[in-house]
Structures are given as structure tokens and as C-alpha cells.
Amino acid sequence: MTDAVRATPVVAYVGLGSNLSDPAAQVRQAMAELNGLPESELLARSPLYRTAPVGPADQPDYVNAVVSLKTRLSPRGLLEALQAIERAHGRQRDGTRWGPRTLDLDILLYGDERLSEPGLQIPHPEMGGRAFVLVPLADVAPSGLRVPGLGTLADLIERCPREGIAPIPVG
Ligand code: PH2
Ligand code: MG
Ligand code: MG
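What comes next is a walk through the structure. (Residues numbered from 1 in each chain as written. Chains lettered and ligands numbered in written order. Predicted model: local features only at pLDDT ≥ 70, side-chain atom pairs only at ≥ 80, totals over all residues. Heavy atoms only, no water.)

Turning our eyes to something else, we now look at the coordination of the magnesium ion (ligand 2). Within the first shell, the magnesium ion (ligand 2) binds the protein through Asp104 (OD) and Asp106 (OD), at distances of 2.1 Å. Between the magnesium ion (ligand 2) and the magnesium ion (ligand 3), both coordinated by Asp104, there is a metal-metal distance of 3.6 Å. (Donors = N, O, S within 2.8 Å, 3.2 Å for Na, K, Ca; no water.)

What follows is the structure in C-alpha cells.
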């Protein structure tokens, strides 16, 4: 893993998504694994949502959720830890954009930082208009949360049609 660990922890938000091999179980299991990340403390987990696929329509519905964590991992260190969890869930990267996946873990926000590096853009470049990200994010973040470059979470939610997304009952 990339060695960078920071002296001061940052609050990061991670989006979870799955639409293959028992998606709700994949997401719940991934939340447990995120709870065990080194140099990190899981702060909150959103409910799970069943969501219509964005992108190619000929794929199963997704289960989506968001967690917040306090972490001293660097953005790159966090990304590598998330990719290791994706691989453990059998994630195949065949290059198909927006195609079906057993587990997708995306860094949505990392404090108030903006980053644009190969393979790592923060805030997540597509989060601003996606209800399947914004709705669970609002479950774990203050509505006044600023998304760097995009405004407050409350404003983004207001502008985003809340279609094709339904909470999954607990239990
Ligand atoms: N992820 C994608 C593409 N489309 N659609 C939904 N509903 N949920 C996702 O997590 C999702 C998607 C690529 O990351
Ligand atoms: Mg991803
Ligand atoms: Mg994604």
C-alpha cells in the first residue's frame, strides 16, 4: 500500500454500489470491511437503496449506500485500500464503462480537498447529479456540507430528480 499516512485525520465519504451476486449482501459485507480499515474509524453508514441503473439499461438494479469515515490514510492510500476490498469481492475490471459490478467503492469526498490525478479525481466527477449518491450521502452528512466546486449538498439534492431510488427495509 502507498505509505502516506497523515498526521491529521480527515472526514471522507465513500460510495458503495453493487448489482451482481446478492448486491445487498455485498454492500453490507463491504461496510463491515470498511469498519476495519487501518488508520480509520467508520463514523456512519447510510441505509441501503435499490436504484435503477444509470448508463447501460440492460443490467440489474443496483444497491447503493454511502459511509463516512475519519481517516489518516492519504487519498491514494484510501483508494488502494478500497480497490483491495473490491478485488476481494471478485470485482473484474474489463474496461466496460458503467457496466455491472459485484462491488464498486468510490471516494466521493476527502475533506474539502480537490484532486485530479490519473485514476483519482476528488470530488468524484459524477457525484453532482446522481441521486443514488446524493440521497444516501445526505443520510450521513450535514446538508450544509460543501462539495468543492459544486456548492452545498442541499443545493445539489434540490436540483437532482429523485427518481428510481427506493430505500431497502432493514432486516
Ligand atoms: N454505478 C455506475 C454506473 N451506473 N447506476 C446505479 N444505479 N448505481 C451505481 O452505483 C452505478 C450506476 C458506475 O460506477
Ligand atoms: Mg468506482
Ligand atoms: Mg462508481
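Read on, since the account is not over.
With that settled, consider the pairing of strand β5 (residues 104–110). Within β5, six of the seven residues are buried, which leaves the element mostly enclosed by the surrounding structure. For strand β1 (residues 5–18) and β5, the ladder comprises six bridges, and the chain directions are antiparallel. Across the sheet, residue Val14 finds its bridge partner in β5, namely Ile107. (Buried < 20%, exposed > 50% of the residue type's maximum accessible area, 1.4 Å probe, protein only. Helix = DSSP H or I, 4+ residues; strand = E, 2+ residues; numbered from the N terminus. Pairing = 2+ DSSP bridges.)

Ranked by internal contacts, the top residues of the largest apolar core, which has 29 residues, are Leu16, Leu34, Leu48, Val67, Leu78, Leu105 and Ile107. When residues no more than four places from it in sequence are discounted, the contact partners of Leu48 are Ala24, Val27, Arg28, Met31, Val63, Asn64, Ala65, Ala166, Pro167 and Ile168. Counting residues in hydrophobic clusters, the runner-up holds 20 residues, among them Leu137, Leu156, Cys160 and Ile165. (Core = buried A, V, L, I, M, F, W, Y, C linked by side-chain atoms within 4.5 Å. Contact = heavy atoms within 4.5 Å.)

Here β1 runs beside strand β4 (residues 62–73); their pairing, made up of ten bridges, is antiparallel. From the neighbouring strand, Ser18 faces β4, where its bridge partner is Val63.

Okay, the packing of aromatic side chains next. Applying the stated criterion to the full structure yields zero aromatic pairs. Its end group placed over the ring of Trp98, Arg130 keeps NZ or CZ at 4.9 Å from the ring centre. (Phe/Tyr/Trp six-rings, centres within 6.5 Å; stacked < 30°, edge-to-face > 60°. Lys NZ or Arg CZ within 6 Å of the ring centre and 35° of its normal.)

Once that is clear, we can look at the site of ligand 1. Taken together, Thr51, Ala52, Pro53, Val54, Tyr62, Asn64, Trp98, Arg101, Asp104 and Phe132 make up all the residues around ligand 1. Side-chain polar atom of Thr51 to a nitrogen atom of ligand 1: 2.7 Å apart, as the coordinates give it. For ligand 1, a nitrogen atom lies 2.7 Å from a polar atom in the backbone of Ala52. Across the complex, the protein chains shield 95% of the 330 Å² of accessible surface that ligand 1 would expose by itself. Looking at the shell around ligand 1, its residues break down into six nonpolar, two polar and two charged. (Near = heavy atom within 4 Å. Polar contact = N/O pair within 3.5 Å; in protein donor to acceptor, adjacent residues only side chain to side chain. Areas by Shrake-Rupley, 256 points an atom, 1.4 Å probe, with all protein chains shown as cover. Nonpolar A, V, L, I, M, F, W, Y, C, P; charged D, E, K, R; others polar.)

This part takes up unusual backbone geometry. Of the consecutive residues Ile122 and Pro123, the connecting peptide bond is found in the cis state with omega at -5°. We note that Asp22 has phi near 60°; this positive angle belongs to a residue other than glycine. Within the secondary structure, Asp22 sits in the loop between β1 and α1 (23–34).

To continue, consider the environment of Gly90. You can see Gly90 is positioned in the loop between α2 (75–88) and β5. Sequence separation between Gly90 and Pro47 is 43 residues, and the spatial gap between their C-alpha atoms is 23 Å.

Let's shift gears to the pattern of salt bridges. Overall, the coordinates contain eight salt bridges when judged by the stated rule. Ionic pairing is found between Arg76 and Glu117, a salt bridge with its closest N-O pair at 2.8 Å. Pair noted here: Arg76 is in helix α2 and Glu117 is in strand β6 (residues 115–117), with a separation of 41 residues, a long-range link. On the basis of relative accessibility, which here comes to 34%, the residue Glu117 falls in the partly exposed class. For the salt bridge of Glu126 with Arg97, the shortest nitrogen-to-oxygen distance reads 2.9 Å. Linking Glu126 in the loop between β7 (120–122) and α3 (131–140) with Arg97 in the loop between α2 and β5, this pair joins segments that are 29 residues apart in sequence. What makes Glu126 partly exposed here is its relative accessible area of 25%. (Salt bridge = Lys/Arg side-chain N within 4 Å of Asp/Glu carboxyl O.)

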